[in-house]
Structures are given as structure tokens and as C-alpha cells.
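Residues per chain are reported as follows:
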Amino acid sequence: FARHSLSVAIGSLTTAALALGAMNAQAAQTINLGHTLSDSSHYSVGADAFKETLERLSDGEFEVVEHPSGALGGERAMIEGLQIGTVDVVITSTGPLGNFVPQTYVLDLPFLFKDYDQARCVLDGEIGQDLLDKMGEHNLVGLAWSENGFRHMTNSKRPVTSPEDAEGLKIRTMENKVHMAAFEQMGVHPTPMAFPEVFTALQQGTVDGQENPITVIVASKFWEVQDNLSLTGHVYSPAIVLGSPVLMDGLSEEEQGWFEQAAQASAQATREEVSRLERDGVELLRENGMTVETDIDKAPFQEAVKPAYQIYTDQYGSEMLDRIRASD
Ligand code: EAX
């Protein structure tokens, strides 16, 4: 009998604990945040800042669960996830974004921004805000411009210091037609691919190289599969913090404001990490065995990709481009 009442007591304790657990689970709404990079990356620094800020501002109403390393898919798949509500928040490059919001293609033009200051200034100003607002017309919520960094070329074949050196190389690009057009002009064979597949493709030699900022090369340990890095800085790669309209449209204005503040804190933290890696990253890559070409004459690269501008303006006009150029 004693044994029986003990088990009844344990049983009701368990029920009580379960009920309490259920109450807690109801109290916090889970926000699933995805990105493609490792948990040591500049995106993860930004994801942590998003989580900390949103949970603090909402006093625990929202709980952010981070899914790094492409656990929720590549960037294109995650953007689709936002549109149908299977993902809540995504930190992504603009790589596949033009497929959804063509107005952002302008940002992907090579050699458009001359340095970080100019790019950040444009994205933080009226132009950046206009582009964030455009997300709303395409079933996405633009929360803040974050950062990936200036992109550079790596490959496993040979040192590259001129477009001639790059000619004939098979280079993985993002799924972005402006980037692909530019690389075609340069004489390389662009192979578009989602980021989570890139490391293996480099390892197996499906492609000879890829291009990404120092931040990504470090976070992904590309030195394990790439010997040569050329600091071409051929294009500035923005990142953006996007929300799902399926989630955001159901929130109060105050709650939406918390998400915006969290996204801004995320962007700020990510940019600081980008700046740190711009200072320390190249040395780290050298220590890990990469040969780094720092002395790159950018003029011939710039010349080679020029037709990409014509291809862009033929299709999308020159208004945005002119506005960005006027901001310099
Ligand atoms: O956003 O696909 C890429 O090369 C991106 O730079 C990467 O996913 C980080």
C-alpha cells in the first residue's frame, strides 16, 4: 500500500511538473533564427546579439533558437521559408535575394562601393531604408542591413593577380545573376551553388575555387581545401536580417519594434566582428597555410567586369545606381 501511494504521489508530482513545463513553454514564443555560417562566425555574433536583445526587450515573451551552419537550408531555401512561415528570422547575404526582390541586385554590382564606410553609410541612409521597405512588396520583412564583407577569390590551382590568371577557372558563385554575369565577363566559369554545398565541392574538386569575404573564409576553414587567396575585393557583400511576414504581421507595433531593435543590435555586432576580422583575419589565414596575394591591381578586374553594369541597367534601369553613385 505504501508503495502504491508513493507511486501515486510521484505520479501527481510528474503531472504537476509537466503542467508547469507546458505553462512555461506557452509563456515563451520560440523564434527560429537561421543562417548558413558556423557558430563561430560573424553571423553567429549577430545572432547572439539578436537573441540577447529580443529576449531582454520582450522580457522573455520570445525565446530565440539559433540554427547556424545551414541547418535550415541554404539562403535561397531559408528565404522561401520566411515567405511561408517555416522560419522566423534569417541572416543572409544578398546572394539569392535578387531572385525575390530584384531591386537589391544593384548592391551586387562589382566594384560599386569603394570601402566599408561608403557601403555602411548608403545602407544606413535613405537608400538602405528604401530597399528594406521594398522587402514588404515581396512577402518579406526587411529588419536591418547587416554585413558579410568585401569578397575575395580563392582557388586550389594557382595564384591569381590578374583576370588572365583567373581565366578558365571553375569558380563557385552565389545564385545571383549579377555576380554570374560579372564572372563570365572575367573569363571564369561561374558555377552557382548554395553555400552549404561549397566546402564539399571544393574538397572534391567539383569547382576550383570560390569567392567570399575574409569573414566567411575564416568561419568555414576554407584553408583546408584552398591554397590561394587573392585580395581582389571585387564586390561588397551586404547581409540583411529578414523576418517572416507570417510571424511579423501578427505582432503588435511594440513587438515589431523589439524585432527591429534586435536586428539593429545584430547588425551592429556583426559589423564590429567584420572589422575585427578585416584587421586580424588575413594573418590567421596565412598561419593556416594559405598563400595570400595582397598586391592586386584592381583596374583590369574592374575593366573586365564593366559589361555587367550594362547588363544590369538594360534590365533594371539606372536610377538606383545613380543614387548610390551620387552618395559617394
Ligand atoms: O552569407 O553564399 C555565400 O557565399 C555567402 O557569402 C554565405 O552564405 C554567407
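Residues numbered from 1 in each chain as written. Predicted model: local features only at pLDDT ≥ 70, side-chain atom pairs only at ≥ 80, totals over all residues. Heavy atoms only, no water.

Undergrad: Any chance you could explain the nonpolar core here in plain terms?
TA: General note: in soluble globular proteins, nonpolar side chains tend to be found buried as a group. Within the largest apolar cluster, 43 residues are counted, with the highest numbers of intra-cluster contacts made by Ile-31, Phe-50, Leu-54, Phe-222, Leu-229, Phe-259 and Leu-285. The greatest single-element share of this core, amounting to seven residues, is contributed by helix H11 (residues 253-287). Once residues lying within four places of it in the same chain are set aside, the contact partners of Leu-54 are Ile-31, Phe-62, Val-64, Trp-258, Phe-259 and Ala-262. Ala-119, Met-135, Leu-242 and Tyr-312 belong to the second-largest nonpolar core, a separate cluster that totals 35 residues. (Core = buried A, V, L, I, M, F, W, Y, C linked by side-chain atoms within 4.5 Å. Buried < 20%, exposed > 50% of the residue type's maximum accessible area, 1.4 Å probe, protein only. Helix = DSSP H or I, 4+ residues; strand = E, 2+ residues; numbered from the N terminus. Contact = heavy atoms within 4.5 Å.)

Undergrad: It is not clear to me how the site of the ligand should be interpreted in this structure. Could you clarify?
TA: For the ligand, the full set of nearby residues is Thr-36, Leu-37, Tyr-43, Glu-75, Ser-93, Asn-148, Arg-151, Arg-172, Met-174, Phe-195 and Asn-212. Tyr-43 is positioned with one of its side-chain polar atoms (N or O) 2.7 Å from an oxygen atom of the ligand. Within the side chain of Asn-148, an N or O atom sits 2.9 Å from an oxygen atom of the ligand. For the ligand, whose free accessible area comes to 270 Å², the fraction covered by protein is 99%. The cavity where the ligand resides is the largest cavity. Taken together, the residues of the shell around the ligand break down into four nonpolar, four polar and three charged. (Near = heavy atom within 4 Å. Polar contact = N/O pair within 3.5 Å; in protein donor to acceptor, adjacent residues only side chain to side chain. Areas by Shrake-Rupley, 256 points an atom, 1.4 Å probe, with all protein chains shown as cover. 1 Å grid on protein atoms, 1.4 Å probe; cavity = no way out; pocket = protein on both sides within 12 Å on 5 of 7 lines; lining within 4 Å. Sits in = over half its atoms within 2 Å of the grid points. Nonpolar A, V, L, I, M, F, W, Y, C, P; charged D, E, K, R; others polar.)

Undergrad: Is there a simple way to think about the packing of aromatic side chains in this case?
TA: Aromatic rings in a pair are described by how distant their centres are and how their planes are angled relative to each other. Counted according to the given criterion, the structure contains ten aromatic pairs. Ring plane angle 80 degrees and centroid distance 5.6 Å describe the contact between Phe-113 and Tyr-236, whose orientation is recorded as edge-to-face. One end of the pair, Phe-113, is in the loop between strand S3 (89-93) and helix H4 (116-124); the other, Tyr-236, is in strand S8 (residues 228-243), with 123 residues separating them in the sequence. Ring geometry for Phe-195 versus Phe-222: centroids 6.1 Å apart, planes at 50 degrees, classification tilted. (Phe/Tyr/Trp six-rings, centres within 6.5 Å; stacked < 30°, edge-to-face > 60°.)

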